[in-house]
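Overview (structure and organization)
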Amino acid sequence: PVEVVWDDEAHTILRQIYRGAISVAEYYQATQQVVEMAATVEHTVHMIFDRRAVTSVPRRLLPVLRYANSKVPRNAGLRLILGASFSTRITVDMGRIVAPQLIQHVLFVNSLEEAYAIIQRQR
């Protein structure tokens, strides 16, 4: 349900591709994979959370937010959420209180092209 891949040859963008019903364990696993992959490079790594194919998420996401907040890579850049549902937007708003480091640079985007353009401007 969650695939984490380098989205460019320079390893500056990590994309998390979510599909179907996502469990808490799968969120934890994806977070750990991002941490490990980002640690392989010294430069800033931007992240795209591609949620266009998500069908359901766990009801209790605050523990996931807290966990991810404690694991934000030191070289993390922007976090761009593609295909955010209404509930994802509410969760991000709640996360501003319980996971401020994680939510610090979160933006919502409508397409991969928009995400890439924002990252390009950030550089």
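Read on for an overview of the structure. (Residues numbered from 1 in each chain as written. Predicted model: local features only at pLDDT ≥ 70, side-chain atom pairs only at ≥ 80, totals over all residues. Heavy atoms only, no water.)

Moving on: the pairing of strand β4 (residues 76-82). Across the seven residues of β4, seven count as buried, placing the element largely inside the fold. Two elements, strand β3 (residues 45-56) and β4, share five bridges in a ladder whose sense is parallel. Bridging across to β4, Val45 finds its partner in Ala76. Since β3 and β4 lie parallel, the crossover through helix α2 (residues 62-70) that links them has a hand, and here it is right-handed. Pairing analysis gives four bridges linking β4 to strand β5 (residues 106-109), with the strands arranged parallel. Bridge pairing in β5 places Arg79 opposite Val106. (Buried < 20%, exposed > 50% of the residue type's maximum accessible area, 1.4 Å probe, protein only. Helix = DSSP H or I, 4+ residues; strand = E, 2+ residues; numbered from the N terminus. Pairing = 2+ DSSP bridges. Right-handed = clockwise from strand over helix to strand, strands pointing away.)

Turning our eyes to something else, we now look at helix α3 (residues 86-98). The end-to-end C-alpha distance of α3, which contains 13 residues, comes to 19 Å, matching closely the 18 Å that a straight helix rising 1.5 Å per residue would cover. Thr88, Thr91, Val92 and Gly95 are the residues of α3 that are buried. Along the long axis of α3, the arc covered by the buried residues comes to 105°, so they all point the same way. Opposite the buried face of α3, at more than 90 degrees from it, the exposed residues are Phe86 and Ile97. Of the surrounding elements, those touching the buried residues of α3 are β3, α2, β4, α4 (100-103) and β5. (Expected span 1.5 Å × (residues − 1). Arc of directions from axis to C-beta. Contact = heavy atoms within 4.5 Å.)

Tracing the chain through its elements places Glu26 in helix α1 (residues 24-38). Dropping the residues within four chain positions of it, Glu26 is found in contact with Pro1, Val2 and Ala21.

Formed by 26 residues in total, the largest nonpolar core has its most connected members in Val4, Leu14, Tyr27, Met47, Ile81, Leu102 and Ile103. Elements represented by at least two residues in this core include exactly β2 (13-21), α1, β3, α2, β4 and α4. Sorting elements by how many residues they give to this core places α1 first, with five residues. Residues contacting Ile81, with those up to four places away along its chain left out, are Phe49, Arg51, Thr88, Val92, Val106, Leu107, Phe108 and Val109. (Core = buried A, V, L, I, M, F, W, Y, C linked by side-chain atoms within 4.5 Å.)

As a further point, take the packing of aromatic side chains. For the structure shown, the criterion picks out two aromatic pairs. Each ring, one from Tyr18 and one from Tyr27, has its centre 5.7 Å from the other, and the planes form 40°; the classification is tilted. The exposure class assigned to Tyr18 is buried, which follows from its relative accessible area of 4%. The buried category is assigned to Tyr27, whose relative accessible area is 7%. Positioned above the aromatic ring of Tyr18, the side-chain terminus of Arg51 is 5.0 Å from the ring centre. Directly above the ring of Phe108 sits Arg89, whose terminal nitrogen or CZ lies 4.3 Å from the centroid. (Phe/Tyr/Trp six-rings, centres within 6.5 Å; stacked < 30°, edge-to-face > 60°. Lys NZ or Arg CZ within 6 Å of the ring centre and 35° of its normal.)

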